[in-house]
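So you can see what is in the structure, the chains are spelled out below.
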Amino acid sequence: MSDSSLSNAVKNHGVSRRDFLKFCSLMAGTLALNASFGPKIAKALELPKRTPLVWLEFQDCAGNTEALLRASRPTVSELILDILSVDYHETIMAAAGAQAEKSQKDAIAAGGYILVVEGSIPTAENGIYCTIGGRTAMEILKEASANAIAVVAIGSCAAFGGLPKANPNPTGAVSVLDLVKDKPVLNLPGCPCNPVNLTATVVHFLTFGTLPEMDSQHRPLFAYGARIHDNCPRRGHFDHGEFVAKWGDEGHRKGWCLYKMGCKGPVTFHNCPAVGYNDNTSWPIKAGHGCIGCSEAGFWDLGLYNRANLNEFAPAVAYAPVQQPTQSLSPTTTAIVGAAAGLAIGAAGAAAYTQLSNPDKADQPESAQVEKK
Ligand code: SF4
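Residues numbered from 1 in each chain as written. Predicted model: local features only at pLDDT ≥ 70, side-chain atom pairs only at ≥ 80, totals over all residues. Heavy atoms only, no water.

Chemist: Got a sec to walk through the confidence of the model for the chain? Specific residues and values, please.
Modeler: In this model, the chain carries a mean pLDDT of 81, and residues with pLDDT of at least 70 account for 76%. Predicted confidence is poor over residues 324-355, with pLDDT under 50, and the contacts of this stretch with residues over four places away or in other chains come to 24 contacts. Per-residue pLDDT stays below 50 along residues 357-373; that stretch engages in 31 contacts with residues further than four places along the chain or on separate chains. (pLDDT = per-residue confidence, 0-100. Contact = heavy atoms within 4.5 Å.)

Chemist: If you had to explain the nonpolar core to someone new, which residues and values would you point to?
Modeler: Generally speaking, soluble globular proteins have nonpolar side chains that are buried together. Ranked by internal contacts, the top residues of the largest apolar core, which has 32 residues, are C24, I41, L45, V116, V152, L188 and L198. Looking at this core, the elements with two or more residues in it are helix 2 (17-30), helix 3 (37-45), strand 1 (53-57), strand 3 (113-118), strand 7 (148-154), strand 9 (185-188), helix 11 (195-208) and helix 12 (221-224). Counting 26 residues, the second largest nonpolar core, distinct from the first, contains F58, I108, Y113 and I140. (Core = buried A, V, L, I, M, F, W, Y, C linked by side-chain atoms within 4.5 Å. Buried < 20%, exposed > 50% of the residue type's maximum accessible area, 1.4 Å probe, protein only. Helix = DSSP H or I, 4+ residues; strand = E, 2+ residues; numbered from the N terminus.)

Chemist: I'd like a description of the sheet that holds strand 7, backed by residues and values.
Modeler: Read across the open sheet, the 5 strands follow the order 2-1-3-7-9; overall the sheet is parallel. Each of the sheet's edge strands pairs with one partner strand only, and the pair in question is strand 2 (86-89) and strand 9. Between one strand and the next, the sheet's axes are offset by a mean angle of 20 degrees, whatever the strand orientation. Pairing between strand 1 and strand 2: 3 bridges, direction parallel. Counterpart to L53 in the pairing with strand 2 is V86. (Pairing = 2+ DSSP bridges. Axes fitted to C-alpha atoms, helices over the stretch in contact; angles between N-to-C directions.)

Chemist: Mind laying out the environment of K260, listing which residues take part and the relevant values?
Modeler: Position of K260 relative to the elements: it lies in the loop between helix 14 (250-253) and helix 15 (272-275). It is 8.7 Å that separates the C-alpha atoms of K260 and K246, two residues lying 14 residues apart in sequence.

Structure (structure tokens):
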């Protein structure tokens, strides 16, 4: 094993071999691969290669960079990204001014890097709303993407235009995908993007030499393939018609469903319930606030506290029962239990869906629903 391998470099940062292998298994799980891929990932990370990252920031708040840096302790994934040779990152690099400009030029000229772009790109007035070193973001992106192996648009601004693109979009902000047409582009939306998903994307690239499989919006399926609502710990309360009606009410204290407070979980695809934020400490719904739909295009224009349109997904009655019988029963008993459960759960689900699908009705009986136990 070469001394320059990632696993050795990780070891030099004080991470044990055991933790390194645990990290590889965790990455296999995050990428929705079975456990046998853990050793394969470890093998790939042990190869003496370094994939450089060039990280550009345009019209953004640096939230994705902050998310990457703001862990309470160094984690293996942070070290991996550190070790991956971030050849240019204007926010965290020591160089400034002309020196920084030279670093950017050198990194781009060397080529063979993954280009990570944070922030949207303003196009109004020929892009003058974001200029760095006298050049517009449009020009810099064109030059930097030309020599990249692949482009990762990190955060909702780079992936979909984000807040700058929200109505009335005064700067003519667009996403990376709107401008880069000749390179593979992967979107990692989120406000901010979860660093775990960036790490897993990079690990996938190092292990398989390709970007992970994507959905129609160029989001990797391992992270954006499932609806938050389908994996939400409050889902049972939704199905039983138990909703928070007011911040701090009894339902809120008991951890009931946040749909009526504007939760966009029913129309949002993201792996927050599985990986959480800040070393999986928490995520919005766990912390008591509804999902704001930050991994979906145009979420700023949805209105944070407006209710999601339930007609956009299958009604609750179509879901499988929450509880299945765990003991084997005779066919007759199974039929009776199944019919009874179907009636009970179907009725509850139908009641919740019918009520919520009808805005007039949904506004009337909140107190009755909150009192329901
Ligand atoms: S509406 Fe939101 S809080 Fe309620 S179950 Fe769905 S995702 Fe969870």
